[in-house]
Amino acid sequence: MAKVVVIGAGFAGQTAALYLGSALGKQHDITVINKYDVFGYTPSWVWVGVGQMNPEKTTFKLKPVYDKFHINFLQGTATAIYTDDQYVLVERSDGGGEEKAAYDYLLIATGAKLNFAGTPGLGPRDGYTSSICSLPHAIDTRDRLFETIARMEKGERQKIVVGTGHPDATCQGAAFEYITNIHKLLEKRGLRDKADLLWLSNERALGDFGVRGLHIKKKGQVMTSDNFIRSVFDLYDIDWQVQKGVREVEPGKIYWEDYEGAEGETDFDFTMLIPQFLGPGFTYYDKDGNDITSKMANKGGFVLVDAIYGLDWDTLAETPEAWPAVYQNRTYKNIFAAGIAFAPPGSISRPHVNPNGLSITAAPPRTGMISGIIGRITALNIIDLIKRGRMTHAERMSEMAAACIASMGDSLWDGSAATIVIYPVVPDPRTYPNEQGRDMFVTDMEMGLAGAWMKRMIHSTFMHKLQGRIGWKFVPE
Ligand SMILES: Cc1cc2nc3c(=O)[nH]c(=O)nc-3n(C[C@H](O)[C@H](O)[C@H](O)COP(=O)(O)OP(=O)(O)OC[C@H]3O[C@@H](n4cnc5c(N)ncnc54)[C@H](O)[C@@H]3O)c2cc1C
């Protein structure tokens, strides 16, 4: 009987757990370790943050799902991995102290560690900014936003700043959704004229989103995501500033450096800024108790896998096979990493270092869809290894399509959404020898009411799928 441990029950870990449970649950020992006893549907935290969705609608209990799939659940925080002795050290959430979770195969799917400390003054707990990156944050942000709205109702003008709070932040898509949803909310309440909205981001250009932006062909014309987002911001009267790396926040003031090395500040009454994302930050030990973390993870704590690391960016941009295919650690072949937890070989967008030596570069996103796909691939390979002794599944981000629907107001009558399809996520200039290295027939952007319907449907469909309900396998990641 093989022991499989999955750390993290998010998009990657939960998808993997369902595949592992359905294929192996009855004959083998599958355990999921997660900090919380619920799954959290991150994309809808944008709506929680503007008071358009009840927080409870974005979660479900994990244990009943795992019971159905013959999976053990250990609620706790994994802290260390003993790679030779093959166990994970877990701090139990019930106060029961530390527990060892033994494995033959380990999948690390812990998502992003939110590094608020990386920017002094950032974050809702020790700083002065809001966040929608966790459910408690989104609830707190909603309350702060409504305090801001109450001031507008009294006639005060308010400045709202949304974007990235670290020079290397990613997840611009979520921040973009948030600012457009705030616009729609204020419009609905007849308060739009009482607010100045500003987009502040580390992207090279509007619509870069950490994927080098998009170019699409429509009726023979080329349109860029820069034009697309610019037209949305013009329409919604949202000011914007890009190429800004936020260095520090004080009450009411954001301090940044730009691409040219100039320093500047931006005032705010309310701000939601995405922090830097880090990897799980485990300590890894070998059989002699030596700390081998530097061999298992990069400086950001992301798990090293079968990527080609260390290439300069121009070479990486020409080498799609540098992106990992099976997400397997090269030293310990029974350890895999999926979703945000794996270490990418570099950024997708061209990096920039300003004259002061500050890197201002949008980090590569691993969105929900990408994380789910990688969760499936790693699970199927672990199943393969257990049943057949060899892996048969592989998919690089340079071969993967991703669809993203950025809602701009959730109403099914007058809401809207930007629907973005990108293929491949990491440009592959060899297969697609155009300037963008992407399939111009598949890559697309659309804006309209249909997207708002799709975004709603996707919420329900994913909550259905990730609870392992009937037909879950037929719902694509
Ligand atoms: C506000 C917001 C909106 C977004 N909207 C979209 C969208 O519309 N579409 C899209 O595709 N993507 C979206 N994303 C991105 C998407 O949420 C992430 O890409 C996705 O969640 C990553 O999946 P993951 O499995 O790697 O991590 P997660 O989903 O974050 O899951 C990680 C899990 O691991 C657990 N964990 C972490 N550390 C430990 C530990 N040490 N021990 C035990 N458990 C641990 C966590 O509690 C969590 O349950 C959004 C992100 C945000 C923040």
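Let me begin by describing the structure that accompanies this report.

What counts and how
Residues numbered from 1 in each chain as written. Predicted model: local features only at pLDDT ≥ 70, side-chain atom pairs only at ≥ 80, totals over all residues. Helix = DSSP H or I, 4+ residues; strand = E, 2+ residues; numbered from the N terminus. Buried ≥ 20, exposed ≤ 12 C-beta atoms within 10 Å, placed from the backbone. Contact = placed C-beta atoms within 7 Å. Core = buried A, V, L, I, M, F, W, Y, C linked by C-beta atoms within 7 Å. Near = placed C-beta within 6 Å. Pairing = 2+ DSSP bridges. Axes fitted to C-alpha atoms, helices over the stretch in contact; angles between N-to-C directions. Expected span 1.5 Å × (residues − 1). Arc of directions from axis to C-beta. Parallel < 35°, antiparallel > 145°, perpendicular 65-115°, else oblique. Left-handed = near helix turned anticlockwise from the far one by under 90°. Nonpolar A, V, L, I, M, F, W, Y, C, P; charged D, E, K, R; others polar.

## Section: the overall build of the protein chain
Here comes step 1: Regarding its fold elements, the protein chain presents ten helices and 24 strands.
Here comes step 2: Dimensions of the protein chain along its principal axes, counting C-alpha atoms only, are 65 × 50 × 45 Å.
Here comes step 3: A burial count over the protein chain gives 51% of its 477 residues as buried.
Here comes step 4: In the protein chain, the proportion of contacts linking residues at least 24 apart, taken out of those at least 6 apart, comes to 68%.

## Notes on the nonpolar core
Here comes step 1: By size, the foremost hydrophobic cluster in this structure holds 139 residues, and its most contacted members are Ala16, Leu20, Val88, Val303 and Ala338.
Here comes step 2: Excluding its chain neighbours within four sequence positions, the residues that come into contact with Val88 are Val5, Ile7, Ile33, Ala78, Ile81, Ala101, Tyr103 and Leu106.

## Overview of the site of the ligand
Here comes step 1: Around the ligand, the surrounding shell holds 34 residues, and the nearest of these are Gly8, Gly10, Gly111, Gly339 and Gly368.
Here comes step 2: Contributions of two or more residues to the shell around the ligand are made by α1 (11-24), β2 (29-34), α2 (45-48), β5 (71-82) and α9 (368-388).

## Observations concerning unusual backbone geometry
Here comes step 1: The omega angle of the peptide bond from Tyr423 to Pro424 is -10°, so this bond is cis rather than trans.
Here comes step 2: By the element assignment, Pro424 lies in the loop between β23 (417-422) and β24 (444-448).
Here comes step 3: Look at Phe209: it is not a glycine, yet its phi comes out positive at around 55°.
Here comes step 4: For Phe209, the position within the fold is in the loop between β11 (195-200) and β12 (215-218).

## As for the pairing of strand β17 (residues 263-267)
Here comes step 1: With zero of its five residues buried, β17 lies for the most part at the surface.
Here comes step 2: Both strand β16 (residues 253-258) and β17 contribute to a ladder of five bridges, which runs antiparallel. Bridging across to β17, Tyr255 finds its partner in Glu265.

## What about the pairing of strand β7 (residues 98-102)?
Looking along a regular strand, one sees the side chains alternate between the two faces of the sheet.
Here comes step 1: In this structure, strand β6 (residues 87-92) lies alongside β7, joined through five bridges in antiparallel fashion. Within β7, the position partnered with Val88 by the bridge is Ala101.
Here comes step 2: The hairpin turn running from β6 into β7, its antiparallel successor, is five residues long, and Gly95 in that turn takes a positive phi close to 80°.

## Side note on the sheet that holds β11
Strand pairing within a sheet occurs via backbone hydrogen bonds; the two strands may be parallel or antiparallel.
Here comes step 1: Here four strands make up an open sheet; going across it, the order is β14-β11-β10-β18 and the pairing parallel. Here the strands that pair on one side only, and so sit at the sheet edges, are β14 (238-241) and β18 (270-274). Looking at each pair of strands side by side, their axes are set apart by 15° on average, direction ignored.
Here comes step 2: Along the sheet face, helix α5 (residues 172-188) touches β10 (158-164), β11, β14 and β18 and points at about 160° away from the line of β10.

## Details of the environment of Leu18
Here comes step 1: Structurally, Leu18 is set in helix α1.
Here comes step 2: Take Leu18: there are 25 C-beta atoms within 10 Å of it, and that puts it in the buried class.
Here comes step 3: Note: C-alpha distance between Leu18 and Pro476 (458 residues apart in sequence) is 13 Å.
Here comes step 4: When residues no more than four places from it in sequence are discounted, the contact partners of Leu18 are Phe69, Gly468 and Trp472.

## Comments concerning the sheet that holds strand β15 (residues 244-250)
Here comes step 1: A sheet is described by the order of its strands in space; here three strands give the open sequence β15-β16-β17, paired in antiparallel fashion. If you trace the sheet from one side to the other, it starts and ends with β15 and β17, each paired once. Strand-to-strand, the axes of this sheet are offset by a mean angle of 30°, without reference to chain direction.

## Some points on helix α4 (residues 135-153)
Here comes step 1: With 19 residues, α4 should reach 27 Å at 1.5 Å per residue; the first-to-last C-alpha distance of 27 Å fits that figure.
Here comes step 2: Taken together, the buried positions of α4 are Leu135, His137, Ala138, Thr141, Arg142, Leu145, Thr148, Ile149 and Met152. Viewed end-on, α4 has its buried residues packed into an arc of 135°, placing them on one side of the element. Those residues of α4 that are exposed and angled more than 90 degrees off the buried face are Pro136, Asp143, Glu147 and Ala150.
Here comes step 3: On its buried face, α4 is in contact with β3 (38-40), α2, β4 (59-61), β10, β11 and β18.
Here comes step 4: Gly155 sits one or two residues past α4 and shows a positive phi near 105°.

## Points about the environment of Asp85
Here comes step 1: Tracing the backbone shows Asp85 in the loop between β5 and β6.
Here comes step 2: Separated by 204 residues in the primary sequence, Asp85 and Gly289 have C-alpha atoms spaced 9.9 Å apart.

## Topic: the packing of α1 against α9
Here comes step 1: Put simply, α1 and α9 touch, their axes get as near as 7 Å, and they point 30° apart. As the angle between them shows, α1 and α9 are arranged roughly parallel. Note that α1 runs across α9; the crossing there is right-handed. Residues Phe11, Ala12, Gly13, Thr15, Ala16, Tyr19, Leu20, Ala23 and Leu24 of α1 pack against Gly368, Ser371, Gly372, Ile374, Gly375, Arg376, Thr378, Ala379, Leu380, Ile382, Ile383 and Ile386 of α9.
Here comes step 2: Its residues assigned to classes, the contact of α1 with α9 comprises 13 nonpolar, seven polar and one charged.

## Here's the deal with the environment of Gly163
Here comes step 1: Within the secondary structure layout, Gly163 lies in strand β10.
Here comes step 2: Residue class for Gly163 comes out buried when judged on the 28 C-beta atoms lying within 10 Å of it.
Here comes step 3: Placed 35 residues apart in sequence, Gly163 and Leu198 show a C-alpha to C-alpha distance of 8.4 Å.

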